[in-house]
Amino acid sequence: MLYALLLPHSAAFHVLNLIRYITFRAGGACITSLIVSFLLGPRLIRWLKSLQRQGQPIRLDGPERHLIEKKGTPTMGGFLILIAMSISTLLWADLENGYVWAVLMVTIGYGAIGFADDFLKLTKRNTKGVPGRVKLVFQALIGLIAAIWITQLMPRGIADDLAVPVFKSLLIPFGLAFPLIAMFVMMGASNAVNLTDGLDGLAIVPTIIAAGVFALIAYLVGNRIFAHYLQINFVPGTGELAVFCSALIGSGMGFLWYNAPPAAVFMGDTGSLALGGALGSVAVATKNEIVLAIVGGLFVVETVSVIVQVFWYKRTGRRVFLMAPLHHHFEKKGLAEPTIVIRFWIVAMILGLAGLATLKIR
């Protein structure tokens, strides 16, 4: 009889004890966001189709087959990612943790900018949307606020420094200029993912891979014992970002279910700007800004291909690539879309492993 009376209390104690562990809550966040994606996905796609009779406007100067194969596909699917990720994060993360709120602010704020861009493209029926300078101004404002916020949450010894991977004690001091560096990291990551989002499933899988890498990094950086053993900078409180990254992984997998070729929905700028901002802000919070450039190397290459193309064309009137970003170059060369996408995924996985290799063990 006594055992029966104590059992509920014992079970409750074990459940509460489990919830204390970041690893348990990270797993719960991933599964929750995946379930939410599966539950809301079909309804959200039907709703977007009802609002977007003609689907996302397709670039007239893009690959010819896009005008036929992708016509009528709705955009703004990034809503599904944001909803699932936000619900899961709010359910499983420690809401007293400032890093969680700072990263959520960047993610949702950049998603709002992307929504405005998608909305204008749909209403005007062209691919221009919000003027580039306006987008950059709002991205900079949100990024700078988040950067200052994150810097104030950090220990004073490393708050204003840029950590160099592999070299255990090498920190580059930037002082009051560091929030500007952090702001550019967030903006750069956001726009890099946006440029990569051009084929079915192309951007979301590298994002999932990067989120997985940073989930592990956040957990290790936020744990004093692991940080000391690996000789990386210990940033108290950032372990909670492993929960956020896991929620991002689950919502990304849920979105991929509907975005796999042939896509039933595109993420649009609503999703791509938000995802890049999320990765950038997590990298800043965990003092792994340079590692993000390695893990997200695919996004970097896509961005560089656009910069090189524009610069060289303005200078010489000739193109380096058949079309930029780089994935369109391979399309123009005749490679099938699934071939390009899967090969880019493989490159993203290799770069993700390279990023993990920067966690130097003594």
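Just above sits the structure.
Notes on the structure follow. (Residues numbered from 1 in each chain as written. Predicted model: local features only at pLDDT ≥ 70, side-chain atom pairs only at ≥ 80, totals over all residues. Heavy atoms only, no water.)

Attention now goes to the nonpolar core. M186 and F214 are the most contacted members of the largest nonpolar core, which has 90 residues in total. Sorting elements by how many residues they give to this core places helix α8 (residues 204-221) first, with 13 residues. (Core = buried A, V, L, I, M, F, W, Y, C linked by side-chain atoms within 4.5 Å. Buried < 20%, exposed > 50% of the residue type's maximum accessible area, 1.4 Å probe, protein only. Helix = DSSP H or I, 4+ residues; strand = E, 2+ residues; numbered from the N terminus.)

Below, the discussion takes up the pattern of salt bridges. Scanning the model with the defined rule gives five salt bridges in all. Taking the shortest distance from any N to any O, the salt bridge between D117 and K135 comes out at 3.5 Å. Residue D117 is located in helix α5 (residues 98-124), and its partner K135 is located in helix α6 (residues 132-153); the two are separated by 18 residues in the primary sequence. Residue K135 is classed as buried on the basis of its relative accessible area, which comes to 14%. Linking D269 and K135 is a salt bridge whose minimum nitrogen-to-oxygen distance equals 3.7 Å. On the criterion of sequence distance, the pair formed by D269 in helix α11 (residues 268-285) and K135 in helix α6 is long-range, its members being 134 residues apart. D269 sits in the buried class, given a relative accessible area of 7%. Taken together, the shared-partner salt bridges connect D117, K121, K135 and D269 into one network. (Salt bridge = Lys/Arg side-chain N within 4 Å of Asp/Glu carboxyl O.)

Taking 1.5 Å per residue, 20 residues should reach 28 Å; helix α15 (residues 337-356) reaches 29 Å between its end C-alpha atoms and fits that length. Regarding α15, the residues found buried are E337, I340, V341, F344, A348, G352 and G355. Seen from one end, α15 has its buried residues packed into an arc of 110 degrees, which puts them on one side. Across from the buried face of α15, at angles greater than 90 degrees, the exposed residues are R343, I350 and L353. (Expected span 1.5 Å × (residues − 1). Arc of directions from axis to C-beta.)

Further remarks concern the packing of aromatic side chains. In total, this model carries six aromatic pairs according to the counting rule given. Their ring planes at 75 degrees and their centres at 6.1 Å tell us that F24 and W92 sit as a pair that is edge-to-face. You can see F24 sitting in helix α2 (residues 22-51) and its partner W92 sitting in helix α4 (residues 78-92), a full 68 residues away along the chain. Since its relative accessible area comes to 34%, F24 is described here as partly exposed. For W92, a relative accessible area of 23% puts it in the partly exposed group. Ring centres 5.3 Å apart and planes at 70 degrees place the aromatic pair F38 and W257 in the edge-to-face group. On the criterion of sequence distance, the pair formed by F38 in helix α2 and W257 in helix α10 (residues 241-259) is long-range, its members being 219 residues apart. We classify W257 as exposed; its relative accessible area is 62%. Taken together, the ring pairs in this structure connect F79, F115 and F119 into an aromatic cluster. (Phe/Tyr/Trp six-rings, centres within 6.5 Å; stacked < 30°, edge-to-face > 60°.)

Such coordinate-based values are descriptive only and should not be taken to indicate function.
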